[in-house]
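Analysis of the macromolecular model
The lines below spell out each chain.
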Amino acid sequence: MRIAIIGTGYVGLTTGACLAAIGHEVTCLDSDQSKVETLRAGRVPIFEPHIEEILEEAHDRLQFTTLYEEAIPRAQVVFIAVGTPPLPDGSPDLQYLRAAAAAIGGNLGLEFTVVVNKSTVPIGSGNWVESLIREARGKQPAEFAVASNPEFLREGSALHDSLYADRIVIGTDSPRAVDVLTNLYRPILEQSFIAPTYLARPEHLAAVPLVTTDLASAELIKYAANSFLALKISFINEIGRLAERVGADVALVAKGIGLDSRIGTRFLQAGLGWGGSCFAKDTSAVVATAADYGLAMPIVSAARLVNQQQRERVVEKLLGELKILKGKTVGLLGLAFKPNTDDLRDAPSLDIARGLLARGATVAVHDPVAMERARKEQPDLCVRYVENAEQVAEASDAVVLVTEWPQYQDIDWEAMARTARGAFLLDGRLFLDGARVAKAGWKYTRL
Ligand code: UDX
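Our subject in this report is the structure included herewith.

Conventions used here
Residues numbered from 1 in each chain as written. Predicted model: local features only at pLDDT ≥ 70, side-chain atom pairs only at ≥ 80, totals over all residues. Heavy atoms only, no water. Core = buried A, V, L, I, M, F, W, Y, C linked by side-chain atoms within 4.5 Å. Buried < 20%, exposed > 50% of the residue type's maximum accessible area, 1.4 Å probe, protein only. Contact = heavy atoms within 4.5 Å. Axes fitted to C-alpha atoms, helices over the stretch in contact; angles between N-to-C directions. Helix = DSSP H or I, 4+ residues; strand = E, 2+ residues; numbered from the N terminus. Parallel < 35°, antiparallel > 145°, perpendicular 65-115°, else oblique. Left-handed = near helix turned anticlockwise from the far one by under 90°. Nonpolar A, V, L, I, M, F, W, Y, C, P; charged D, E, K, R; others polar. Salt bridge = Lys/Arg side-chain N within 4 Å of Asp/Glu carboxyl O.

Quick look at the nonpolar core
Grouped together as the largest cluster of nonpolar side chains are 54 residues, with contacts concentrated most on Leu318, Leu332, Leu333, Leu356, Trp413 and Trp442. Excluding residues that lie within four positions of it along the chain, Leu356 makes contacts with Val315, Leu318, Leu325, Val330, Leu332, Ala361 and Val363. Among the nonpolar cores identified, the runner-up in size contains 46 residues, and Ile46, Val77, Leu189 and Phe193 belong to it.

Written as structure tokens, this is what we have:
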């Protein structure tokens, strides 16, 4: 099928790459000329494992453009995957969605087209997009239907999550649109595509379930899924606080409860809590949307509060250990909101660094991939960027492990302890072998 994708961020580019890889003709559109040129030159503006390989493999079926008149008229399906970043009041900024809908409306061809909202958008956006398209068309005829097809991919495993999805959700009031999108996704639904060598199909995955709904339900599924995952993490972190007081091990508690299949082991990793582009934005949107209807969302609100407190607990624990932070040096291992990405959106590291700087500490930071981005995106963050993990400890009074990059497992803790001024290590992700680190001369504590 002929597909257009508006927006080449994480979601747009991954969707484009995967749809091209399973055999569709895809045109990716971005208003940013330099991004399009980068992509045309075969370079990738995001950090995501295997994305280069899959784009290379699907090269013949992929085009990049800044022009709506090139992407839209021939497309049978148009995906809107533009950013909806949070505004200062927490509500999503819909200017890019509005612009995309209007431009799609102005360029639709005569064939039936399905316009799909893939960005996480406020409930009711499907109807809004439809009215914007109609408005842009004026008196020109067009046959189209709007659908919501939320994306559940995680950064760092975006391709895996798209090709081997747990489910595909299609929300629309148009049976014709359901047919078109079912055909589009058939190779994934039936798992009939040839798996790339670098992304093996999970054993036992024979088919991916399809959930068809009305527009509003699909839109709410996305928010409800992310809110639930976020509160699962906050729940284990709240239990972690109690575990610490009573002398229990939260990791063992998580294992013990997670093996109950009704609970499940995933998303019960205690520590610094969630960051990233989705959980904060989506939980805040849930609370804001509910407030529009006079509803409180106490559970989701509490999950947000607990998550924020986890970041503050780092500073509190350091205060407890070092007493006075003014004039002290704290090293942070990791900046990205999680490993395998350079994404710094809502990263706990930033709140922690700011909290320490505000109390007069010097902060040295290391991250295997996110430092360049941090320098660019956080120009006012007065931290010292160092070249390797070992340098983080040099002359530091304490070190905090913020992101569980696998390479931090291999640190020579003994050598590091020798260069540190105070060998105090706070493991914010419950990631390291505490006994080994303690043997290497560190006072090891978990968050
Ligand atoms: C998330 C959702 O998982 C995905 O379905 C949605 O489409 C977008 O938002 P992402 O933000 O890429 O994906 O990252 P994810 O792997 O879900 O992790 C989110 C945050 O939670 C990270 O900061 C991670 O460190 C933290 N986390 C995750 C925990 O603290 N504990 C866990 O057990 C799992």
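A look at the packing of helix H9 (residues 215–246) against helix H12 (residues 298–322)
Axis separation between H9 and H12 bottoms out at 8 Å; the angle between their running directions is 45 degrees. Classified by the interaxial angle, the pair formed by H9 and H12 is oblique. Between H9 and H12 lies a crossing whose hand is left-handed. Of the residues in H12, those in contact with Ser227, Leu231, Ser234, Asn237, Glu238, Arg241 and Glu244 of H9 are Ile299, Val300, Ala303, Val306, Asn307, Gln309, Gln310, Arg313 and Lys317. For the contact of H9 with H12, the residue count by class is 5 nonpolar, 6 polar and 5 charged.

Let's talk about the pattern of salt bridges
Within this structure, the stated rule accounts for 20 salt bridges. Note that Arg176 is salt-bridged to Glu143, the shortest N-O span being 2.9 Å. A residue pair is termed long-range when its members are at least 10 positions apart, and Arg176 in helix H8 (residues 175–189) and Glu143 in the loop between helix H6 (125–137) and strand S6 (144–148) qualify at 33 residues. Accessibility expressed as a relative area gives 41% for Glu143, which makes it partly exposed. The salt bridge involving Glu155 is made with Arg345; its shortest N-O contact spans 3.4 Å. With Glu155 in the loop between S6 and helix H7 (158–163) and Arg345 in the loop between strand S9 (329–333) and helix H13 (348–358), this residue pair connects regions lying 190 residues apart in the sequence.

As far as function goes, none of this settles anything; it's purely spatial.
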